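Here is what each chain is made of, one letter per residue.
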Amino acid sequence: MIRLLLSLLLVLSAATVCPAQPPERLPVGTFSALPPGQLPPGWEPLTFDRIDRHTRYTPVRENGITVIRADSQNASSGLVRKMTIDPAEYPVVRWRWKIENTLPGGNVREKSGDDYPARLYITFAYDPDRLSFFERTRYN
């Protein structure tokens with residue numbers, strides 16, 4: 001079974017966060033602008049201790065642009081970029097991806113069906129001191 005978990009994100013050939021007032025943009029992952037073999041600055045692999053095999057990410061040329069190729073078989077990992085962005089200033093995220101070999105039977109509600117060829121996660125910082133006791137226990 002193929003297992004692929006992507007975190008902010010895999011096949012971002014030209015990812016940008018767009019502000020409310022175009023044309024200003026905040027580039028997040030300018031994959032397509034780089035030569036093959038390079039990840040954009042700030043991007044790094046995300047691996048999981050309990051997972052023995054990890055997806056292999058390779059920047060390659062396809063149709064004249066650089067894209068991230070992900071090869072995975074019974075594996076899981078991701079690519080991440082940590083940065084602080086004001087969502088009020090940049091409320092739109094734009095990216096492109098191409099997915100081949102989709103996985104049948106995906107169901108995010110069940111661990112057995114929690115396999116997807118690509119995912120995008122955007123997380124938000126929070127102040128734990130402002131959370132209730134029950135909210136804090138949920139995040140720990």
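Below, the structure is looked at part by part. (Residues numbered from 1 in each chain as written. Predicted model: local features only at pLDDT ≥ 70, side-chain atom pairs only at ≥ 80, totals over all residues. Heavy atoms only, no water.)

1. A short note on the pairing of strand β5 (residues 65-71)
Reasoning step 1: With seven bridges joining them, strand β4 (residues 56-62) and β5 adopt antiparallel strand pairing. Directly across from E62, in β5, lies its bridge partner I65.
Reasoning step 2: Connecting β4 to the antiparallel partner β5 that follows it, the hairpin turn spans two residues, and N63 within it adopts a positive phi of roughly 55°. (Pairing = 2+ DSSP bridges. Helix = DSSP H or I, 4+ residues; strand = E, 2+ residues; numbered from the N terminus.)

2. Observations concerning the packing of aromatic side chains
Reasoning step 1: Summed over the entire model, instances satisfying the criterion amount to three aromatic pairs.
Reasoning step 2: Between F133 and F134, the ring centres sit 5.4 Å apart and the planes meet at 75°, which makes this aromatic pair edge-to-face.
Reasoning step 3: Judged by relative accessible area, which is 55%, F133 ranks as exposed.
Reasoning step 4: On the basis of relative accessibility, which here comes to 65%, the residue F134 falls in the exposed class. (Phe/Tyr/Trp six-rings, centres within 6.5 Å; stacked < 30°, edge-to-face > 60°. Buried < 20%, exposed > 50% of the residue type's maximum accessible area, 1.4 Å probe, protein only.)

3. Overview of the pattern of salt bridges
Between side chains of opposite charge, a pair can form as their charged atoms come close.
Reasoning step 1: Taken as a whole, this structure holds three salt bridges when the rule is applied.
Reasoning step 2: Taking the shortest distance from any N to any O, the salt bridge between K98 and E62 comes out at 2.9 Å. One end of the pair, K98, is in the loop between β7 (92-94) and α1 (133-139); the other, E62, is in strand β4, with 36 residues separating them in the sequence.
Reasoning step 3: The exposure class assigned to K98 is partly exposed, which follows from its relative accessible area of 47%.
Reasoning step 4: The class for E62 is partly exposed, based on a relative accessible area of 31%.
Reasoning step 5: Where R69 meets D71, a salt bridge forms, and the shortest distance between an N and an O atom there is 3.0 Å.
Reasoning step 6: In this structure D71 comes out as partly exposed when scored by relative accessible area, which is 21%.
Reasoning step 7: Salt bridges sharing common partners tie together R56, R69 and D71. (Salt bridge = Lys/Arg side-chain N within 4 Å of Asp/Glu carboxyl O.)

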